[in-house]
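# Chain and residue survey
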Amino acid sequence: MNGYDQQLKELLAQCARKKKLEASAAELRRQRDTYAARAEELKEAMREEQADVDRLEGRSLAAFFYNVVGKMDEKLTRERQEAYAARVRYDAAARELAGSEEDLARCQAELGTLDGCEEQYAALLREKTQAVKAAGGAAAEQRSEERRVGKECRSRWS
């Protein structure tokens, strides 16, 4: 019966790990969605800042105006700095998003390895019960007591 006990213990640990990973995966999905939304906002801001630089470098009324008043270099430098800062913020958000996607992929891969552990536990428990009944005697009585205690515990947890 010790062989059953060890296997049951391992399967129970796998079930607990699976439950923890499922909660982690849900949290990682929320994080990923938040990071994706933030990255999209920053990408749009980066595009807008670059558009400002492009307008000043091109033939626009704003470029003409700043050239006439002599502030073109100052304005272009400031717009380039803002575009660079927006790019840096976007790159950081994109890295956070990629990191959360990698974490989620690892979590889902490990969850895949634990697929069906609950069913395996239940099947092994039924197998052990049958073996104990077949053996009869004190072991069967002990197993009946274990099942009664297990039912009481489950009813309290529910």
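Structural notes, computed from the coordinates.

### So, the packing of helix α1 (residues 2–57) against helix α3 (residues 72–113)
For the pair α1 and α3, the least separation of the axes is 7 Å and the interaxial angle reads 160 degrees. Between α1 and α3, the angle is such that the two are roughly antiparallel. Of the two possible hands of crossing, α1 and α3 adopt the one that is left-handed. Tallied by class, the residues present in the contact of α1 with α3 amount to 21 nonpolar, four polar and 20 charged.

### Concerning the packing of α1 against helix α4 (residues 117–135)
With their axes 9 Å apart at the nearest point, α1 and α4 run at an angle of 160 degrees to one another. The pairing of α1 with α4 is recorded here as roughly antiparallel in orientation. Viewed along their axes, α1 and α4 form a crossing whose handedness is left-handed. Seen from α1, the contacting residues are Y4, D5, Q7, L8, L11, L12, Q14, C15 and K18; seen from α4, they are C117, E118, Q120, Y121, L124, L125, E127, K128 and A131. Among the residues making up the contact of α1 with α4, the classes are represented as 10 nonpolar, three polar and five charged.

Rules used in this analysis
- Once a new chain begins, its residue numbering starts again from 1 and follows that chain's sequence as written.
- Local features in a predicted model are, by the rule used here, given only for residues with pLDDT of at least 70; side-chain atom pairs are given and counted only at 80 or more, and totals for whole chains, interfaces and linings are based on all residues.
- With hydrogens and water stripped out, all remaining heavy atoms of the structure feed into the side-chain values.
- Here an axis means a line fitted to C-alpha atoms, over the contact stretch when the element is a helix, while the angle between two N-to-C directions is reported on a 0 to 180 degree scale.
- The way it works is that DSSP assigns letters per residue, a run of H or I at least four long becomes a helix, a run of E at least two long becomes a strand, and they are numbered from the N terminus.
- To sort the angles, those under 35 degrees are grouped as roughly parallel, those over 145 as roughly antiparallel, those from 65 to 115 as roughly perpendicular, and the leftovers as oblique.
- Crossings are classed by handedness, with left-handed meaning an anticlockwise turn of the near helix from the far one by less than a right angle and right-handed meaning a clockwise turn.
- Each residue gets one label: Ala, Val, Leu, Ile, Met, Phe, Trp, Tyr, Cys and Pro are nonpolar, Asp, Glu, Lys and Arg are charged, and the others, such as Gly, are polar.
- Note on contacts: a residue pair is in contact if any heavy atoms of the two residues lie within 4.5 Å.

Any functional reading would require information beyond the geometric quantities listed.
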